[in-house]
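Each chain, written out:
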Amino acid sequence: MQRVLTAVQMREAEKAAQDQHGMPSGLLMENAGRALAEAARSLAGPGGRFTVLCGPGNNGGDGLVAARFLLEGGARVVVSLVGDTGKLTPEAKRNLQALEGFGESPRAFEVLPEAGPGDVVVDALFGTGLKRAPEGVFADAIGTVARWRRAGAKVVAADVPSGLQSDTAEPFSPCVEADVTVAFGFVKPAHELEPGASLCGDVRRVDIGLGGESTRAVSGAELFRVEEKDARDALPKRRADSHKGTYGHVLVVAGSPGKTGAAAMVALAALRSGAGLVTVATRAEALPWVMAHSPEIMGVPLPGEGPLGKGDLEALKAALEGKDALVMGPGIPRGPETGALIGDLLASVEVPAVLDADALNAVAEDLTVLRRAKGPVLLTPHPGEMARLWGRTTKDVQAHRVGVALNMATSLNVTVVLKGSRTLIAEAGGRVYINPTGNAGMATGGTGDVLSGVCGSLLAQGIPLPRAARTAVYAHGLAGDLMAQQRGLMGLIATDLLVGLGHVWVRWER
Ligand SMILES: NC(=O)C1=CN([C@@H]2O[C@H](COP(=O)(O)OP(=O)(O)OC[C@H]3O[C@@H](n4cnc5c(N)ncnc54)[C@H](O)[C@@H]3O)[C@@H](O)[C@H]2O)[C@@H](O)CC1
Ligand SMILES: [K+]
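Residues numbered from 1 in each chain as written. Chains lettered and ligands numbered in written order. Predicted model: local features only at pLDDT ≥ 70, side-chain atom pairs only at ≥ 80, totals over all residues. Heavy atoms only, no water.

Undergrad: Tell me what's going on with the coordination of the potassium ion (ligand 2), and back it up with residues and numbers.
TA: Protein-derived ligands of the potassium ion (ligand 2) are Asn-59 (OD1), Asp-123 (O), Phe-126 (O), Ala-158 (O), Val-160 (O) and Ser-162 (OG), with the metal-ligand distances lying across 2.6 to 3.1 Å. Taken together, the six donor atoms coordinating the potassium ion (ligand 2) span angles of 67 to 170 degrees at the metal, a pattern that classifies the geometry as irregular. Each donor residue of the potassium ion (ligand 2) belongs to the same chain, and together they define the spacing N-x63-D-x2-F-x31-A-x1-V-x1-S. In this pair, Phe-126 is assigned in the loop between strand 4 (120-124) and helix 5 (136-150) and Ser-162 in the loop between strand 5 (154-158) and strand 6 (180-184), connecting sequence segments 36 residues apart. Its relative accessible area of 15% is what places Phe-126 among the buried residues. (Donors = N, O, S within 2.8 Å, 3.2 Å for Na, K, Ca; no water. Tetrahedral: all angles 85-135°; square planar, octahedral: opposite > 155°, others 65-115°. Helix = DSSP H or I, 4+ residues; strand = E, 2+ residues; numbered from the N terminus. Buried < 20%, exposed > 50% of the residue type's maximum accessible area, 1.4 Å probe, protein only.)

Undergrad: Report on the pattern of salt bridges, specifying residues and quantitative values.
TA: The tally for this structure, following the rule as stated, stands at 29 salt bridges. The shortest N-O distance in the salt bridge between Arg-334 and Glu-365 comes to 3.5 Å. Note that Arg-334 is positioned in the loop between strand 12 (325-328) and helix 12 (338-348) and Glu-365 in the loop between helix 13 (357-363) and strand 14 (377-379), a separation of 31 residues in sequence. Classification of Glu-365 by relative accessible area gives exposed; the value is 57%. Residue Asp-356 is joined to Lys-419 by a salt bridge in which the shortest nitrogen-to-oxygen separation is 3.3 Å. With Asp-356 in the loop between strand 13 (353-355) and helix 13 and Lys-419 in the loop between strand 15 (415-418) and strand 16 (424-427), this residue pair connects regions lying 63 residues apart in the sequence. Overall, the relative accessible area of 2% leaves Asp-356 in the buried class. What emerges from the salt-bridge pattern is a single network uniting Glu-192, Arg-225, Glu-227 and Arg-422. (Salt bridge = Lys/Arg side-chain N within 4 Å of Asp/Glu carboxyl O.)

Undergrad: Could you give an account of the pairing of strand 4, naming the residues involved and the relevant values?
TA: Taking burial as the measure, the five residues of strand 4 include five buried ones, the bulk of the element. Burial along strand 4 is two-sided: the residues Val-120, Val-122 and Ala-124 and Val-121 and Asp-123 are all buried. After leaving strand 4, the chain enters helix 5 and then returns to the sheet as strand 5, a path that is right-handed. (Right-handed = clockwise from strand over helix to strand, strands pointing away.)

Undergrad: Which residues make up the packing of helix 2 (residues 25-43) against helix 4 (residues 90-101), and what values go with them?
TA: Contact pair helix 2 / helix 4: the axes reach a minimum separation of 10 Å and the direction vectors enclose 60 degrees. When the axes of helix 2 and helix 4 are compared, the pair comes out oblique. Considering the relative orientation of helix 2 and helix 4, their crossing is right-handed. Contacts between helix 2 and helix 4 involve Ser-25, Gly-26, Met-29 and Glu-30 on the former and, on the latter, Glu-91, Ala-92 and Asn-95. Tallied by class, the residues present in the contact of helix 2 with helix 4 amount to two nonpolar, three polar and two charged. (Axes fitted to C-alpha atoms, helices over the stretch in contact; angles between N-to-C directions. Parallel < 35°, antiparallel > 145°, perpendicular 65-115°, else oblique. Left-handed = near helix turned anticlockwise from the far one by under 90°. Contact = heavy atoms within 4.5 Å. Nonpolar A, V, L, I, M, F, W, Y, C, P; charged D, E, K, R; others polar.)

Undergrad: Requested: an account of the site of ligand 1, with residues and values cited.
TA: Around ligand 1, 23 residues are found, and the nearest of them are Asn-59, Asp-62, Gly-127, Arg-132 and Asp-159. A distance of 2.9 Å is found between an oxygen atom of ligand 1 and a backbone nitrogen or oxygen belonging to Asn-58. Gly-129 places a polar main-chain atom, nitrogen or oxygen, 2.9 Å from an oxygen atom of ligand 1. Taking 880 Å² as the accessible area of ligand 1 by itself, protein coverage stands at 85%. Only helix 1 (7-21), helix 2 and helix 3 (58-72) provide two or more residues apiece to the shell around ligand 1. Tallying contributions element by element places helix 3 first for the shell around ligand 1, with three residues. Taken together, the residues of the shell around ligand 1 sort by class into 12 nonpolar, six polar and five charged. (Near = heavy atom within 4 Å. Polar contact = N/O pair within 3.5 Å; in protein donor to acceptor, adjacent residues only side chain to side chain. Areas by Shrake-Rupley, 256 points an atom, 1.4 Å probe, with all protein chains shown as cover.)

Undergrad: Pulling in residues and values, what's your account of the sheet that holds strand 3 (residues 77-81)?
TA: Strand order in the open sheet formed by six strands is 3-2-4-5-6-7, with parallel pairing between adjacent strands. The sheet is open, and its two edges are formed by strand 3 and strand 7 (202-206), each paired on a single side. Sheet twist, expressed as the average angle between the axes of neighbouring strands with direction ignored, equals 20 degrees. Two strands pair when backbone bridges link them, and strand 2 (residues 50-54) and strand 3 are joined in this way by five bridges, in the parallel orientation. Directly across from Thr-51, in strand 3, lies its bridge partner Val-78. The sheet strands contacting helix 2 are strand 2, strand 4, strand 5, strand 6 and strand 7, and the helix crosses strand 5 at an angle near 170 degrees. (Pairing = 2+ DSSP bridges.)

Undergrad: Give a detailed account of unusual backbone geometry, specifying residues and quantitative values.
TA: The peptide bond linking Ser-173 to Pro-174 adopts the cis configuration, its omega dihedral lying at 0 degrees. You can see Pro-174 is positioned in the loop between strand 5 and strand 6. Here the bond from Leu-465 into Pro-466 is cis, since omega is 0 degrees, no more than 30 degrees from zero. Phi is positive for Asp-159, close to 70 degrees, though the residue is something other than glycine. Tracing the backbone through its elements, the reader meets Asp-159 in the loop between strand 5 and strand 6. Non-glycine residue Ala-357 carries a positive phi angle of around 50 degrees. Inspection of the secondary structure puts Ala-357 in helix 13. According to the relative accessible area criterion, Ala-357 is buried, its value standing at 15%.

This is the structure:
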């Protein structure tokens, strides 16, 4: 799986490469600059000119190396050192001298020739060392890059587009918008999380001699990007001599009059993701409507009326007998006792449980009920539900997605799937996974119900948390990506994902 490193972890990786593998830091910069030059060359039109803007830190040093390689290849190159040249890092200074040895002296960026179609601008102003919003001459330089890009020039960013905060993926104003970003050694949160990811353009990660996955960074949360192989390898093999009992029985507690479709989508997603059997438990008045959606769905009526409460405990415990996973929440009738009911239920059974939608809103009133759970628990909030769980605004959640998901997972000892563009999967104790699949077409009612069904299905088939959650999230997003090719982002609806899941499994079963 691909590691995603923070700025502090990058420095640790650099130090480890020096101490453990004897890599001189100058060689790391040399490798970074050479890869940057290659990327720049790949974007240029015939006869295009290269403009390299270098800042005062090591990011600027990478730009100076790139300029030297471009010159060596015979390209037309102009270089500018932006800011106080007296503050250059020793490594950048050495590369400035080497560049001058090639006969190219940096100029003030204000006097550089305009760039347009066929030309390439190399943005090496700031990388992971950016500390505050770019101002003065730096802001002017970033503004100039934007003007050149509007005129048709391509922009390649060294490591991180300048102005983008590497650890949070939040841009300062102004911020470079790149066509290609060359990520040195490891990808960073800025490349993988929104809104940063959209500002990076096409991200190309290159090895520069940091020692790959063997370099263990220790500080802070461990971040990873979910890879397709990881998700695919988690799937159980369907053996020829297996039967429906081999693949688990999911109990879905979902639906109410007016929301029977939610229960049906959970159940169908579970069936379409390999579970052997799926039973829906819901109020008697809603049950026939849920079951009418598909003959494969089995049902158990919950006696009583109105919101789910403590009076439903015994019926739910009975319904859970012989089941391998529970999915609870989409479309349930919620009342003042629903949170306590969920707490009592989780305290009395050991099956893995997925809580979604109104089950999350119910436990938000008293999160401590989750601490009594006997089995593994997965929460799948969207940002609004997470805001209720955390007692803050949705905006706060979105601004601190990694930290919020990780804190919730660790403090409650559960796995958390925080939905949204680049869904996060956080496990108790410090690991957060970033999912790369999915698209804006999936911002439509019911896609969350489908996800909770896939999660429950994989859990029932014996894939443990948090791996089941990673696999489900990846597959669900990929289903959306494949179906968007047929429906368009505008036309995609939740039940399309049930078809899309089929395409995912075909692709992975090959
Ligand atoms: N860590 C590694 O292993 C490697 C890092 N390399 C490069 O080094 C970069 C990090 O270098 P640095 O730590 O020197 O950081 P940067 O080059 O990103 O920038 C740091 C410099 O900019 C100044 N600065 C920060 N924000 C500013 C602002 N808003 N206005 C004005 N000045 C500001 C700082 O005071 C410092 O002088 C990486 O992004 C990468 O490009 C590469 O050379 C290869 C190896
Ligand atoms: K940069």
